[in-house]
Protein chains: 2
Amino acid sequence: MSLLQQLVDSLSGGSVEVIDLTSPLSENTPVIQLPPPFANTQSFTRRVVSRYDDKGPAWFWHDLSLGEHVGTHFDAPIHWITGKDGLDVSQVPVHHLVAPAVVIDKSKECAENPDFLLEVEHIQQWQQEHGPIPRGSWLLFRTGWDARAGDPKAFLNVDESGSHTPGVSVECAKWLAEEVPIVGIGVETVGTDAGLAGSFDPPFPCHAFLLGAGKYGLTQLANLSKLPPKGALLIVAPLPIVGGTGSPARVLALVER
Amino acid sequence: MSLLQQLVDSLSGGSVEVIDLTSPLSENTPVIQLPPPFANTQSFTRRVVSRYDDKGPAWFWHDLSLGEHVGTHFDAPIHWITGKDGLDVSQVPVHHLVAPAVVIDKSKECAENPDFLLEVEHIQQWQQEHGPIPRGSWLLFRTGWDARAGDPKAFLNVDESGSHTPGVSVECAKWLAEEVPIVGIGVETVGTDAGLAGSFDPPFPCHAFLLGAGKYGLTQLANLSKLPPKGALLIVAPLPIVGGTGSPARVLALVER
Ligand SMILES: [Mn+2]
Ligand SMILES: [Mn+2]
């Protein structure tokens, strides 16, 4: 029997499961808030075109407005100045969109410290336990932040000193970009960088180093708790916006039971 | 070795290929044009939020406006009045989004007759050759129309008598909705119905019967010529818009060589 037929049978039989890693998209979807003088992006809005009425007696449809970087979304290299000569979101090779995923879980640490940063040694510890990160993988960083996604205030966690959400240290971001054979990093937070990363040197190191190295970002993921540390197959599905710096994306995973 | 590890190895080795069935999304994406008094949908537009400038020194991003039913997109049951008590696009079960695909190729017939309609007998002929359509499949209807997608005029093919693009007959749409165990139909044209289907009885039979039966539509697909008649695994990835009647979607297929 062909491999794909075996996969179809396993999907029907339940020994391979499809997990939805995408946050629902709506007017309540939290959006990053940058301080002045920076411009901010459009949150999700919709307008009815017709709803079984004079403007369309049998059909209902909406027009949408939203930023490329709203909700569960994909960061392409050209999103950052360091990647400006790199790929736009429509140019990302499809084999980077169907690729293995590894999951590093620091949800306990992030519950204690919302400013938790992933360090090189955490990934080295993971590799000691699970073996080397396979070439061409996505690294998914579980922080428990998806539990806050229904409450934009708790999700962005802003106080007078800034936004307190977990991220990646400068050293670790540089190492992931230059030394680890991942295609990108996926997170549960509003962006791949920590809430306070605007004050790091360089600012926003995940964006600066990974996108500069032609790697990708993936944000506002849900249900990472349902994935094993290794062995899941990730399906990353941004819209192929020509010249786009990113895109809202559907993200699914196949997991074998 | 686990099945997913075999799949990862086959993807790396090239014996399983990822095919992108999505049309690029841009200001040139053709959009359906309904006659008065019906309202029409917003075509794709974008606005720069910042581009490595004062509004965002290190980053480039856009805001987007577009209809739910623009470009390669998904029709959910609530898009049509017959399916108004059915699922919105965010409620579609994920196992319907990763499912087998069968392809029926009538590109030769459509080149001769742009008003070509798929009939019950065409699908019965396909089944005589290839066996029954597997339960839970997507039926993909190849018409050759993707070759026109770069030219909105040729793609919509409007003259004084209306839009001349292929579709599905009333009888066949009813039969696909009620008798054939597919989850949905995918097409290369601007919508799942023929260009002239507004004058059919009932109007827009693919929408009326399939969405009314809780099935789905998928439009403006590309590269169906690269799929076998059966054996491909389809990955359909609309955005999970809460209450959405549809969504622009990324659509990929896995094909075994
Ligand atoms: Mn982003
Ligand atoms: Mn539609």
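A quick note: this is a predicted structure, and the numbers were derived from the prediction, not measured.

The rules we used
- Residues numbered from 1 in each chain as written.
- Chains lettered and ligands numbered in written order.
- Predicted model: local features only at pLDDT ≥ 70, side-chain atom pairs only at ≥ 80, totals over all residues.
- Heavy atoms only, no water.
- Contact = heavy atoms within 4.5 Å.
- Buried area = accessible area lost by both parts, 1.4 Å probe.
- Salt bridge = Lys/Arg side-chain N within 4 Å of Asp/Glu carboxyl O.
- Polar contact = N/O pair within 3.5 Å; in protein donor to acceptor, adjacent residues only side chain to side chain.
- Helix = DSSP H or I, 4+ residues; strand = E, 2+ residues; numbered from the N terminus.
- Nonpolar A, V, L, I, M, F, W, Y, C, P; charged D, E, K, R; others polar.
- Donors = N, O, S within 2.8 Å, 3.2 Å for Na, K, Ca; no water.
- Buried < 20%, exposed > 50% of the residue type's maximum accessible area, 1.4 Å probe, protein only.
- Pairing = 2+ DSSP bridges.
- Axes fitted to C-alpha atoms, helices over the stretch in contact; angles between N-to-C directions.
- 1 Å grid on protein atoms, 1.4 Å probe; cavity = no way out; pocket = protein on both sides within 12 Å on 5 of 7 lines; lining within 4 Å.
- Points joined across faces, edges and corners; volume = space filled by probe spheres on them.
- Disulfide = S-S within 2.5 Å.

Caption draft 1: Broad picture of the interface of chain B and chain A. Every contact between the two is made by 73 residues of chain B and, on the other side, 73 residues of chain A. Where chain B abuts chain A, roughly 6500 Å² becomes buried across the two surfaces, and 71% of that area is made up of carbon and sulfur atoms. It is Leu 4, Trp 61 and Arg 250 of chain B in chain B that bury the most area against chain A; as a group they hold 11% of the surface buried on that side. For the pair chain B and chain A, the interface holds zero salt bridges. Applying the counting criterion to the chain B and chain A interface returns 33 residue pairs in polar contact (both at pLDDT 80 or more). The set of elements that each furnish at least two residues to the side of chain B that touches chain A consists of α1 (3–13), β1 (16–20), β2 (45–53), β3 (56–67), β5 (98–105), β13 (230–238) and β14 (246–256) of chain B. If you tally residues by element for the side of chain B that touches chain A, the top one is β3 of chain B, at twelve residues. Across the side of chain B that touches chain A, the residue classes break down as 45 nonpolar, 19 polar and nine charged.

Caption draft 2: The coordination of the manganese ion (ligand 1), seen in detail. All names here are of chain A. Protein coordination of the manganese ion (ligand 1) is provided by His 69 (ND1), His 73 (NE2) and Asp 75 (OD), with donor distances spanning 2.0 to 2.3 Å. One chain supplies every donor for the manganese ion (ligand 1), spaced along it as H-x3-H-x1-D. Asp 75 shares its class with His 73; the two are buried.

Caption draft 3: Summary view of the pairing of strand β7 (residues 137–142) of chain B. Residues and elements named next belong to chain B. Buried residues dominate β7, accounting for six of its six residues. Residues Ser 137, Leu 139 and Phe 141 line one face of β7 and the alternating positions Trp 138, Leu 140 and Arg 142 line the opposite face, and both faces are buried. Of the pairings in the sheet, the one linking β5 to β7 comprises five bridges and is parallel in character. Opposite Ala 101, over in β7, you have Trp 138 as the bridge partner. Both β7 and strand β11 (residues 182–187) contribute to a ladder of five bridges, which runs parallel.

Caption draft 4: Broad picture of the sheet that holds strand β2 (residues 45–53) of chain A. Across the sheet, four strands lie side by side as β2(A)-β3(A)-β3(B)-β2(B); this open sheet has antiparallel pairing. Unpaired on one side and paired on the other, β2 of chain A together with β2 of chain B mark the two borders of the sheet. Going from strand to strand, the sheet's axes swing by 5° on average, the running direction of each strand aside. With seven bridges connecting them, β2 of chain B and β3 of chain B associate as antiparallel partners. Residue pairing for β3 of chain B: Arg 51 of chain B is matched across the bridge by Phe 60 of chain B.

Caption draft 5: How the structure looks around the layout of surface pockets. A volume near 700 Å³ is recorded for the largest pocket. Taken together, 36 residues form the lining of the largest pocket, with Ile 32, Gln 33, Leu 34, Gly 195 and Phe 204 of chain A sitting closest to its centre. Counting only elements with at least two residues in the lining of the largest pocket, the list comes to β4 (73–75), β9 (162–163) and α6 (205–212) of chain A together with β3 of chain B. Here the residues of the lining of the largest pocket are counted per class, giving 19 nonpolar, 15 polar and two charged. Taken as a whole, the second largest pocket spans an internal volume of roughly 530 Å³.

Caption draft 6: The arrangement of unusual backbone geometry in detail. Looking along the chain, the bond that leaves Pro 36 of chain A and enters Pro 37 of chain A is cis, with omega of 10°. For Pro 37 of chain A, the position within the fold is in the loop between β1 (16–20) and β2. With phi around 50°, Gln 220 of chain B is a residue other than glycine that occupies positive phi space. One can find Gln 220 of chain B in the loop between β12 (216–218) and β13. Under the relative-accessibility criterion, Gln 220 of chain B is labelled buried at 3%. Look at Asn 223 of chain B: it is not a glycine, yet its phi comes out positive at around 65°. Topologically, Asn 223 of chain B is positioned in the loop between β12 and β13. Assessed through its relative accessible area of 24%, Asn 223 of chain B is described here as partly exposed.

Caption draft 7: Representation of the state of the cysteines. In total, this model carries zero disulfides over all chains according to the counting rule given. Sulfur of Cys 110 of chain A: no disulfide; nearest cysteine sulfur belongs to Cys 172 of chain A and is 13 Å away. No disulfide involves Cys 172 of chain B; its nearest neighbouring cysteine sulfur is the one of Cys 206 of chain B, lying 7.7 Å away.

Caption draft 8: The side chain of Ser 65 of chain B, seen in detail. By the element assignment, Ser 65 of chain B lies in strand β3. Here Ser 65 of chain A takes part through its side chain, which lies 3.0 Å from a polar atom of the side chain of Ser 65 of chain B. Excluding anything up to four places from it in sequence, Ser 65 of chain B contacts Leu 64 and Ser 65 of chain A together with Gln 42, Ser 43, Phe 44 and Thr 45 of chain B.

Caption draft 9: Representation of the pairing of β13 of chain B. Residues and elements named next belong to chain B. The element β13 is extensively covered by neighbouring structure, given that seven of its nine residues are classed as buried. Pairing between β5 and β13: five bridges, direction antiparallel. From the neighbouring strand, Ala 101 faces β13, where its bridge partner is Ala 232. Strand direction decides the pairing type here: β13 and β14, joined by six bridges, are antiparallel. Paired with Val 236 across the two strands is Val 251, which belongs to β14.

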